[in-house]
Amino acid sequence: MPSTPDRGSDSSPLERGLAALKQKQYRQAIALLEPVAASQPDHTARLKAKMALVKAYDRAGQSDRAIALCETLTRHPSEKVRTRATQILEQLRRRQPPVSTGFVPFDPTLQPPKVESTANRQPPPPPPKPTPTPPKTDENPPVYVRLQKQQGQPTFAPPTTEEEPAPAETVESEPQPPVADVTPPRHEWKQAGRAAIGWRRLGKLKLTRFRIEQFLTVFVLLWLSPRLVEFLLETTNHILRQLPFVKPIQFFYRDPSRWVYLTLGILFVASPWLLDALLKFCYGQQVFPRTQLLQSSQEASRILQTYCRNRNWKFPALRVLPTAAPIAMTYGCWPRFVRICVSQGLLDTLTEDELAAIYAREIASVGNWDFLAMSFATVLTQIPYLIYCQFADWGENDFDRLQRDSLPRWVPDFAPSLLKPPAKIFRFLAFPISAAAYGIYQILRFPALWVSRRRVYYNDRLACNLTGNPNGLTRALSKMAVGMAAAIAAEGKTDTLLEGFDLLTPVGYRQAMTLGSLARGGDFESLFIWDLQNPHRKWLEIPNSHPALGDRLLILSYYAQFWKLDQELNLESPAPSKSRGDREKLAIQGAPYFGLPAGVAIGLAVWLMGAIFGLIGFWQLEWLFGDRWILYGCIPIGCSLGIFLRNNAFFPEIKPAKTAIDPDLRELFCDPRTLPIDSKPICVQGELIGRGGIDNIMGQDLILKTAGGLVRLHYVPPFTPLANFWLKSPHPKDLIGRPVKVTGWWRRGATPWIDVERLQSVEKRLELYGGHPLWSVILAIAIALWGASLISRGGF
């Protein structure tokens, strides 16, 4: 029975042929498209039919006819068509035997909604020419204008995608890092199919528990916020009391709860416009017209329109960000005011059906109502994050401008010398303010992590129900991970956009960093071995904003099996196997945290002893029973004991004979039984990248770029963390952009990292030692002394 066309009611031979092609009825498609391809010489329908015929011939096993038709298209008057046809022709000739790879018309405005999209939707770059200089574009074009379609040139240089390799001249003209290029080889996707029209829906999930979790998240944030504000105000007055000639501010002694709640309510109601303004002025966000969405993905536009019409919602406002990292996010205070924002990198990276899957999961967050909690958490955390970024920028750049004496001409000549001392003081103050704001950002972010991890499963499921394309969503999420890693490697740092809006994105930048950089053509599945087989991965995900990507893709493969589709990635979930050794390692790994309930148990035991002494008449120790400060003090003491217990196993001595020199990061990454407690001494060379100013003063963004991939570094100064705030103290950020050698302990948790024991430049100009083991002991002693003080003096 012939299938109904996917859009409109047009029953022309071209539409019927394209519909038959989508339903894999290749011979019928050939019969319908061949007459159209023989029509008027310059008609767009004829070109569209010819391009679709290439796919139909190839899928029908008539590769010779596909090659012959491609050869005619290589002589087409349009340079774009010639370039595209040449590339497809090379693919057809190279495959022995022919493999199914679909063909997408060169002009996206000529193509119908695709079910199977096999080539990148983006037009390829022009073929190599004698000069690598690209043609100039018009001044200040909108970021959403697809210059690839108009001038054969992207708006900005996106990261190399898996579908289309960059021209040889582009690769040669790019500046090469001094150590290694971590751009992974292309992965050849299977282009597994999607459910047929009228597919049976996945069953509905019960959302009651999820709603309660969202409510509790907002409740905790509302409870925590005034306490943090009150603590900051009291700390400020305490500092002012220690200073001469300064009095504490009496207003800071008042209870700030009412004003905090009022402010948070206003922020949430105004969150769509506030986040719009923030993204516009800080990151260049622009409006993304629906006409451009239609050109990028007609299916995405149709899904949004149908979903909103069925619920009597206003069509969401569309936005686009001019960044190469492929991201998407949804925010708003109510469905009527929701915004769906994507990056130009996402539009350039994904094909039409993959883009539709991402838009479907974004509107799914509105349908599941989790966007409310995430929008509230995001707008709340943006307050300290903006303070962190702004003070870092002021302290760094304003001081540098004074150092260069680059003030306006009207400023007197003696002004720089007068302004430099205050600028130095301001820069010194910017250090702790920026670091403290970043710490508050992390504290406020933590209560939202549970819902952030949970919501992605619900949104993925609803997106599959809307599109019937779990394989397309699998490709989209995987490509986003690869694209994020490529963007971080190309930019040489983690963009604050990726970090600040991490709660809203489909894939977390931390999990994408190493995973995406380790991607290899033809062996993508092995990267998810740890995600699927480690029995303790759920515990290790607690500090992360997103669950393990392998778990998500495995569930998507189950959806594909539900519709009896081939799976894009062959992922299997092994039977859970937990050995006694695994439980012991997990116990040592979590000893500081398990020490908290252990401390409660110690305190209760002391209470019990006091009660027993009272019963036997030993009144001198009867006071131990019921003293709550004994219980409070035993809790940090238990945590301290846990740190002591873990320290030796966590930081074993690094001996040259047992140190792995430049090991295969992929092999370490994929070891399924590894926990962070499995400390592997390694020595790795690479280029140190990351943010290079005050915004990296605590080592938040230290990344080692190696020949194998990207990996985060954790660094603590050897003497005191306060050395970070000493202007003349050596710091890892001084080595940003240089080849370095890192010696330390490899950790594999939900995301991998290296605890730095020694960091030295290859030129041997600077050598830094880490103080992780020492400060672990100092921290344990400090916590134990604090607990003892609580018990002795009965108060905080």
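Residues numbered from 1 in each chain as written. Predicted model: local features only at pLDDT ≥ 70, side-chain atom pairs only at ≥ 80, totals over all residues. Heavy atoms only, no water.

Looking now at helix H8 (residues 208–242). Between its first and last C-alpha atoms H8 spans 52 Å; for 35 residues at 1.5 Å apiece the expected length is 51 Å, and the two agree. All buried positions along H8 are accounted for by Phe 210, Glu 213, Gln 214, Thr 217, Leu 221, Leu 224, Ser 225, Pro 226, Leu 228, Leu 233, Asn 237 and Leu 240. (Helix = DSSP H or I, 4+ residues; strand = E, 2+ residues; numbered from the N terminus. Expected span 1.5 Å × (residues − 1). Buried < 20%, exposed > 50% of the residue type's maximum accessible area, 1.4 Å probe, protein only.)

Nonpolar side chains in soluble globular proteins tend to end up buried together. Of all hydrophobic cores here, the largest spans 123 residues; its most connected members are Ile 358, Tyr 359, Phe 501 and Phe 528. The contacts of Phe 501, once residues within four sequence positions are left out, are Leu 275, Leu 278, Leu 279, Tyr 283, Met 329, Thr 378 and Gln 382. Membership of the second largest hydrophobic core comes to 29 residues, among which are Leu 14, Ala 20, Val 54 and Ala 66. (Core = buried A, V, L, I, M, F, W, Y, C linked by side-chain atoms within 4.5 Å. Contact = heavy atoms within 4.5 Å.)

So, on to a nonpolar patch on the surface. Among the surface-exposed residues, Ile 212, Phe 215, Leu 216, Phe 219, Val 220 and Trp 223 lie close enough to one another that they form a single nonpolar patch of about 620 Å² accessible area. Structurally, Leu 216 can be placed in helix H8. For Leu 216, a relative accessible area of 45% translates into the label partly exposed. (Patch = residues over 30% accessible without salt bridge, like charges linked within 9 Å, V, L, I, M, F, W, Y side chains within 5 Å. Areas by Shrake-Rupley, 256 points an atom, 1.4 Å probe, with all protein chains shown as cover. Salt bridge = Lys/Arg side-chain N within 4 Å of Asp/Glu carboxyl O.)

The next point concerns the packing of helix H12 (residues 298–310) against helix H14 (residues 352–367). Remark: H12 packs on H14, axes separated minimally by 7 Å, with the N-to-C direction vectors making an angle of 20 degrees. Taken as axis vectors, H12 and H14 run roughly parallel relative to one another. Remark: the crossing between H12 and H14 carries right-handed chirality. Residues Gln 298, Glu 299, Ala 300, Ile 303, Leu 304, Tyr 307 and Cys 308 of H12 touch H14, and the partners they reach there are Glu 352, Asp 353, Leu 355, Ala 356, Tyr 359, Ala 360, Ile 363 and Gly 367. Here the contact of H12 with H14 is composed, by residue class, of ten nonpolar, two polar and three charged. (Axes fitted to C-alpha atoms, helices over the stretch in contact; angles between N-to-C directions. Parallel < 35°, antiparallel > 145°, perpendicular 65-115°, else oblique. Left-handed = near helix turned anticlockwise from the far one by under 90°. Nonpolar A, V, L, I, M, F, W, Y, C, P; charged D, E, K, R; others polar.)

On to the packing of aromatic side chains, then. One pass over the full model with this rule turns up 19 aromatic pairs. Through a chain of ring-to-ring contacts, the aromatic side chains of Tyr 307, Trp 313, Trp 334, Trp 369 and Phe 371 assemble into a single cluster. Sitting over the ring of Tyr 307, Arg 311 keeps its end group 3.6 Å from the ring centre. Geometry around Trp 530 places Arg 748 over its ring, the cationic atom sitting 4.4 Å from the centre. (Phe/Tyr/Trp six-rings, centres within 6.5 Å; stacked < 30°, edge-to-face > 60°. Lys NZ or Arg CZ within 6 Å of the ring centre and 35° of its normal.)

Pairing between the strands of a sheet is mediated by backbone hydrogen bonds and can be parallel or antiparallel. Taken together, the four strands give an open sheet; going across it, the order is S1-S2-S4-S3, and neighbouring strands pair in mixed fashion. Both outer strands of the open sheet, strand S1 (286–287) and strand S3 (328–331), are each paired with one neighbouring strand and no more. With two bridges connecting them, S1 and strand S2 (residues 317–321) associate as antiparallel partners. Bridging from a neighbouring strand, Gln 286 pairs with Val 320 of S2. (Pairing = 2+ DSSP bridges.)

Okay, helix H10 (residues 271–283) next. The first and last C-alpha atoms of H10 sit 17 Å apart over 13 residues, in line with the 18 Å expected at 1.5 Å per residue. Among all positions in H10, only Ser 271, Pro 272, Leu 275, Asp 276, Leu 278, Leu 279 and Tyr 283 are buried. Take H10 and look down its axis: the buried residues cluster within an arc of 165 degrees, on one side only. (Arc of directions from axis to C-beta.)

On to unusual backbone geometry, then. For Gln 191, which is not a glycine, the phi torsion comes out positive at approximately 60 degrees. As for its placement among the helices and strands, Gln 191 is situated in the loop between helix H7 (168–173) and H8. Of note, Lys 564 is a non-glycine position whose phi angle comes to about 60 degrees, a positive value.

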